[in-house]
Amino acid sequence: MPGKHQHFQEPEVGCCGKYFLFGFNIVFWVLGALFLAIGLWAWGEKGVLSNISALTDLGGLDPVWLFVVVGGIMSVLGFAGCIGALRENTFLLKFFSVFLGLIFFLELATGILAFVFKDWIRDQLNLFINNNVKAYRDDIDLQNLIDFAQEYWSCCGARGPNDWNLNIYFNCTDVNPSRERCGVPFSCCVRDPVMSSTLSVATMFGSNWSWSSRASSTPKAAWASLKSGCRTT
């Protein structure tokens, strides 16, 4: 009819942007779901899912928490971005944007607070590392994480090897019946470069190096020296 014009509502999300955002977030979503599944599987293997109270029994950090928390956040963000882009749902897209902005803001605020309260952060980091040192033998995942950290950063304990006196298996007291008494984990030690890389020192000499004079029979050729603390003073 004359005088009437038909108006078409333009899409709120461009075609290229829509499918780019969809493709990016579906990968993000799948990775998040994979991380979450790995975390839940690890908890299932350790019997945590059948005994939830076990989550609080460990004195140190359970690395599985990282998979569950990161996987959960990635899954939520990926879902919101993927469905929001595919369905052109502005609510989900705004949720996605606000969530990303909130994460960025929290990272920025954490960095600023860490700089302002660096002494307090250093003390808390020292306490955190020592709590995990105490729980070293309580959880295999935590043990592997500590060994990886000490090897990667070439360090030992929070301040130095003596921090391992806090662990009931490594402390150097006369009442300690452990065969690991007065020792440190193998990850605290520096490999002697002249030693053949094909030899398994952990198998030949045990998994620990004794830093006490009481265990002077430990082969010094295997390890050059002990590392310093993981936390810089």
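Quick notes on the rules
Residues numbered from 1 in each chain as written. Predicted model: local features only at pLDDT ≥ 70, side-chain atom pairs only at ≥ 80, totals over all residues. Heavy atoms only, no water. UniProt positions renumbered as here; feature names shortened; annotations may be inferred. Helix = DSSP H or I, 4+ residues; strand = E, 2+ residues; numbered from the N terminus. Buried < 20%, exposed > 50% of the residue type's maximum accessible area, 1.4 Å probe, protein only. Contact = heavy atoms within 4.5 Å. Areas by Shrake-Rupley, 256 points an atom, 1.4 Å probe, with all protein chains shown as cover. Phe/Tyr/Trp six-rings, centres within 6.5 Å; stacked < 30°, edge-to-face > 60°.

If you look the protein chain up in an unreviewed UniProt entry, it shows as Tetraspanin-17 isoform X3 from Balaenoptera acutorostrata. Looking at the protein chain in UniProt, the text filed under Subcellular location (unreviewed entry) is "Membrane". Regarding the protein chain, the UniProt comment filed under Sequence similarities (unreviewed entry) reads as follows: "Belongs to the tetraspanin (TM4SF) family."

Participant: What's the story with the overall build of the protein chain in this structure? I'm lost.
Facilitator: A tally of helices and strands in the protein chain yields six helices and four strands. Reading the protein chain from its N end, one meets helices and strands in the order α-α-α-α-α-β-β-α-β-β. The buried share of the protein chain, reckoned over its 233 residues, is 33%. Contacts in the protein chain between residues at least 24 apart in sequence constitute 67% of all its contacts with a sequence separation of at least 6. Within the structure as shown, the protein chain displays about 15000 Å² of accessible surface, and the carbon and sulfur contribution to it stands at 66%.

Participant: Where do I start with the packing of aromatic side chains in this structure?
Facilitator: The geometry of an aromatic ring pair is captured by two quantities: the separation of the ring centres and the angle between the planes. According to the stated counting rule, one finds 10 aromatic pairs in the structure shown. With a centroid separation of 5.9 Å and an interplanar angle of 15°, the aromatic rings of Phe-24 and Phe-28 are classed as stacked. Of this pair, Phe-24 and Phe-28 are both found in helix H1 (residues 15–45), four residues apart, which corresponds to roughly one turn of the helix. Both rings, one in Phe-35 and one in Phe-67, keep their centres 5.6 Å apart while their planes meet at 50°; by these two values the pair is tilted. Of this pair, Phe-35 sits in helix H1 while Phe-67 sits in helix H2 (residues 64–87), and the two are 32 residues apart along the sequence. By way of ring pairs, the aromatic residues Tyr-136, Trp-164 and Phe-170 are connected into one cluster.

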